[in-house]
Amino acid sequence: MRSNKLILILCLLALSMGALAQTRIARELHLGVIGGACMSNYRLTPTVTQDLAKGYTFGLAARYIEEKIFGIQAELLLTRRGEKDKFDEYPELSFQRNFTYFEVPILAHLYFDCGKKNEINVDIGPKFGYFLSDKAKAQLEGENWDKVQNMTYHKYQHHTMPVSKKFDYGLQMGLGYEFKVNKELSIQLQGRYYFGLGNIFPDSKADVYETSNNHQIQIVAAVWFRSQVAKYKILKKQRYYSKKK
């Protein structure tokens with residue numbers, strides 16, 4: 001599954017660069033502010049039944065456009081992820097643990113104009129994160145809690161287990177819409193999915209959890225301030241050679 005995602009990234013990059021290498025373009029630098037909702041969980045093995053934990057993400061972003069339909073985008077984000085246990089038979093029990101991360105996505109930005117002011121965009125690439133802090137909120141008392149603990153092998157040790165691997169990494173992809181207010185300003189709305197490849201808890205054969213990687217669904221909005229860096233023109237090869245002759 002991981003290899004398939006990497007192959008997809010490489011294919012998209014290759015197609016975008018090769019298909020439009022003969023197009024008139026203008027270099028642009030876009031600076032923006034971004035923020036929105038983050039719904040997440042952690043894939044734990046042995047399995048722990050979970051709901052999506054609600055969080056947030058916000059920060060600054062920069063985008064550099066040098067090819068028609070293609071650019072590079074980087075962001076500096078503060079994100080609250082979470083893990084929320086689900087106790088179907090015992091609704092009086094609850095547990096949620098929130099994790100705050102500093103995140104840096106570095107994304108290939110593909111965009112397709114739909115008229116003069118409308119744009120559909122796809123972002124895909126790696127995202128890196130560093131753990132900053134965590135906080136738990138729990139309602140775990142009484143005989144039912146003792147019963148639930150005794151029914152599992154892991155005995156919910158992730159409730160108090162410290163984050164041993166502070167550096168996180170994974171793949172992020174997003175699909176969005178961008179409205180160009182004018183030449184200098186645009187507004188973007190995007191849905192995103194993040195598949196974490198790193199575990200936050202110890203994962204050797206002797207440890208309780210084999211996997212503890214993060215998954216996120218985000219809905220974000222961004223305001224972009226556009227500036228033109230330089231103009232240049234790429235001539236078609238046929239024209240170039242005809243003039244040279």
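Residues numbered from 1 in each chain as written. Predicted model: local features only at pLDDT ≥ 70, side-chain atom pairs only at ≥ 80, totals over all residues. Heavy atoms only, no water.

**A short note on the overall build of the chain**
Along the backbone of the chain there are three helices and nine strands. Each helix and strand of the chain, ordered N terminal to C terminal, gives the series α-β-β-β-β-β-β-α-β-β-β-α. Put simply, of all contacts in the chain between residues at least 6 apart along the chain, 73% involve residues at least 24 apart. Carbon and sulfur atoms form 61% of the exposed surface of the chain, whose accessible area is close to 13800 Å². (Helix = DSSP H or I, 4+ residues; strand = E, 2+ residues; numbered from the N terminus. Contact = heavy atoms within 4.5 Å. Areas by Shrake-Rupley, 256 points an atom, 1.4 Å probe, with all protein chains shown as cover.)

**Comments concerning the environment of Pro46**
One can find Pro46 in the loop between strand 1 (25-45) and strand 2 (50-51). Here Pro46 falls in the partly exposed class, since its relative accessible area comes to 25%. Along the sequence, Pro46 and Thr211 sit 165 residues apart, while their C-alpha atoms lie 8.0 Å from each other. (Buried < 20%, exposed > 50% of the residue type's maximum accessible area, 1.4 Å probe, protein only.)

**A look at the pattern of salt bridges**
If you walk through the whole model with that rule in mind, you get 16 salt bridges. For Lys165, the salt bridge goes to Asp203, with nearest N and O atoms at 2.8 Å. Within this pair, whereas Lys165 is found in the loop between helix 2 (143-150) and strand 7 (167-180), its partner Asp203 is found in the loop between strand 8 (185-196) and strand 9 (211-232), the two being separated by 38 residues in sequence. Given the relative accessible area of 32%, Asp203 is considered partly exposed. Between Glu178 and Arg226 there is a salt bridge, with its nearest N and O atoms 3.0 Å apart. (Salt bridge = Lys/Arg side-chain N within 4 Å of Asp/Glu carboxyl O.)

**Quick notes on the environment of Arg43**
By the secondary structure assignment, Arg43 is in strand 1. With relative accessibility at 45%, the residue Arg43 sits in the partly exposed group.

**Brief notes about unusual backbone geometry**
Residue Thr45 is joined to Pro46 through a cis peptide bond whose omega torsion reads 5°. Phi angles above zero are rare outside glycine, and Ile69 is one such case at about 70°. Position of Ile69 relative to the elements: it lies in the loop between strand 3 (53-67) and strand 4 (70-85).

**Considerations on the packing of aromatic side chains**
As enumerated under the stated definition, the model contains ten aromatic pairs in all. Chaining the aromatic ring pairs together yields one cluster made of Tyr42, Phe99, Tyr101 and Phe131. The aromatic ring of Trp224 is capped on one face by Arg63, whose charged end is 4.0 Å from the ring centroid. Positioned above the aromatic ring of Tyr101 is the side chain of Arg81, whose terminal nitrogen or guanidinium carbon lies 3.9 Å from the ring centre. (Phe/Tyr/Trp six-rings, centres within 6.5 Å; stacked < 30°, edge-to-face > 60°. Lys NZ or Arg CZ within 6 Å of the ring centre and 35° of its normal.)

**A closer look at the confidence of the model for the chain**
Per-residue pLDDT for the chain has a mean of 85; in total, 82% of the residues score no lower than 70. Overall, residues 12-22 carries pLDDT values under 50, and its contacts beyond four positions in sequence, including any with other chains, amount to 18 contacts. Overall, residues 232-241 carries pLDDT values under 50, and its contacts beyond four positions in sequence, including any with other chains, amount to eleven contacts. (pLDDT = per-residue confidence, 0-100.)

**Some details on a nonpolar patch on the surface**
On the surface, Val33, Leu60, Phe112, Ile120, Leu175, Tyr177, Phe179, Val181, Ile187, Val223 and Phe225 cluster together into a nonpolar patch covering about 920 Å² of accessible area. For the nonpolar patch, the elements supplying multiple residues, two or more each, are strand 7 and strand 9. In terms of residue count, strand 7 provides more of the nonpolar patch than any other element does, three residues in total. Residue class for Val223 comes out partly exposed when judged on its relative accessible area of 30%. (Patch = residues over 30% accessible without salt bridge, like charges linked within 9 Å, V, L, I, M, F, W, Y side chains within 5 Å.)

**What to know about the pairing of strand 3**
In the sheet, strand 3 pairs with strand 4 via eleven bridges, with the strands oriented antiparallel. Its bridge partner being in strand 4, Phe58 is matched across the sheet by Leu78. Between strand 3 and strand 4, which pair antiparallel one after the other, the connecting turn spans two residues, and Ile69 there sits at a positive phi close to 70°. (Pairing = 2+ DSSP bridges.)

**Observations concerning the side chain of Gln188**
Checked against the element boundaries, Gln188 lands in strand 8. Assessed through its relative accessible area of 3%, Gln188 is described here as buried. In terms of polar contacts, Gln188 uses its side chain to reach the side chain of Asn121, at 3.1 Å. At a separation of 2.9 Å, a polar atom in the side chain of Gln188 contacts the side chain of Trp224. Setting aside anything within four residues of it in sequence, one finds Gln188 in contact with Arg63, Asn121, Asp123, Tyr177, Glu178, Val220, Ala221, Ala222 and Trp224. (Polar contact = N/O pair within 3.5 Å; in protein donor to acceptor, adjacent residues only side chain to side chain.)

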